[in-house]
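Working through the structure, step by step
Here is what each chain is made of, one letter per residue.
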Amino acid sequence: MPFPDFPFLQETPWTDWYLLVLIAAVLVMVVTVGPERECYVDSVASMFRYRSSDTEIVYPSGSVFRGIAVFIVSCVSFPLMLCSVEGEYSFESGRGKILLAVGTGFALLFYVIKLILYTSVNGHLFRKQKITVKPSRWNGFFNMLFTVAGCMFLTVALIVTFLGLSRFYSRILAFSVPVFIETGVFYKLKSALFKNKVSGLGFFYYLCALEFSPLALAIPVLMWVLYQI
């Protein structure tokens, strides 16, 4: 029986480093997320239940070490996905190293900016009694979403790497991750965070400032960087 024609096997022997990082990331994610998979599933499912309460903002409360490990892997999963979509299966090449560094830095910066926005804006709204959920709980929920996004990016990387999808379908698969996450966040914000305590216009301003604007700025910048390298 002939050996499957995997695209990464056509690269240099240094491709082993890409596969090693990818497999290690998957294993760490399985070990850290696996024991609490039911909580992750319930949290993600609650995002698409419109009539929900603030008590449904649940998220895993694991150890600090587990949280740090899953955060690092979630940051690394994004550049691994980029490498697979761009066909860079070798970290020995200059572009592969740049993608790894830029992608990790991009994920880290995006996380920090969103966390600062959530903490400051939600803290102000909570003091004004415009929202019903403590900012710390929403931050925990955001950390859970960041981990879920990391799992989905790793899944995309595995699919693209081993099935050899074209760049067009790979990009569609990659863009489906933020679309899925943001759709769930939209329903969760309206059903649990605000619960009709602000006007429709105020809710729209919140979405533009904390959800749409970061993505609208991040995606073009990332595409420009990828084009430059």
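Above this note sits the structure.
For the structure given in this document, a descriptive report is provided here. (Residues numbered from 1 in each chain as written. Predicted model: local features only at pLDDT ≥ 70, side-chain atom pairs only at ≥ 80, totals over all residues. Heavy atoms only, no water.)

Some remarks on the nonpolar core
- Core analysis: the largest hydrophobic core is formed by 54 residues, its most contacted members being Tyr18, Met81, Trp138, Leu189, Leu193, Phe194 and Tyr206.
- Listing elements by their share of this core, those giving two or more residues are helix H1 (15-33), helix H2 (37-46), helix H3 (64-86), helix H4 (94-127), helix H5 (135-163), helix H6 (167-194) and helix H7 (200-228). (Core = buried A, V, L, I, M, F, W, Y, C linked by side-chain atoms within 4.5 Å. Buried < 20%, exposed > 50% of the residue type's maximum accessible area, 1.4 Å probe, protein only. Helix = DSSP H or I, 4+ residues; strand = E, 2+ residues; numbered from the N terminus.)

Some remarks on the pattern of salt bridges
- Scanning the entire structure with this criterion turns up 4 salt bridges.
- Here arginine 66 ties to glutamate 36 by a salt bridge, and the two come within 3.4 Å at their closest N and O atoms. With arginine 66 in helix H3 and glutamate 36 in the loop between H1 and H2, this pair connects stretches of sequence that are 30 residues apart.
- Residue classification places arginine 66 among the partly exposed positions, given a relative accessible area of 26%.
- The salt bridge involving glutamate 86 is made with arginine 167; its shortest N-O contact spans 3.8 Å. Of the two residues, glutamate 86 sits in helix H3 while arginine 167 sits in helix H6, which places them 81 residues apart along the sequence.
- A single network of salt bridges, built from pairs that share partners, joins Glu86, Arg167 and Arg171. (Salt bridge = Lys/Arg side-chain N within 4 Å of Asp/Glu carboxyl O.)

A closer look at the packing of H2 against H5
- Contact pair H2 / H5: the axes reach a minimum separation of 11 Å and the direction vectors enclose 105°. It follows that H2 is roughly perpendicular to H5 by the angle criterion. From H2, Tyr40, Ser43 and Val44 reach across to H5, where they touch Phe141, Met144, Thr147 and Val148.
- Among the residues forming the contact of H2 with H5, the class breakdown is 5 nonpolar, 2 polar and no charged. (Axes fitted to C-alpha atoms, helices over the stretch in contact; angles between N-to-C directions. Parallel < 35°, antiparallel > 145°, perpendicular 65-115°, else oblique. Contact = heavy atoms within 4.5 Å. Nonpolar A, V, L, I, M, F, W, Y, C, P; charged D, E, K, R; others polar.)

Description of the packing of aromatic side chains
- Under the criterion given, the structure shown has 15 aromatic pairs.
- On the numbers, 6.5 Å between centres and 45° between planes, the contact of phenylalanine 142 with phenylalanine 146 is tilted. In this pair, phenylalanine 142 and phenylalanine 146 are both assigned in helix H5, 4 residues apart and thus about one turn of the helix distant. Both residues of the pair, phenylalanine 142 and phenylalanine 146, belong to the buried class.
- These aromatic residues form a ring-pair network of at least three members: Phe71, Tyr111, Tyr118, Trp138, Phe141, Phe142 and Phe146. (Phe/Tyr/Trp six-rings, centres within 6.5 Å; stacked < 30°, edge-to-face > 60°.)

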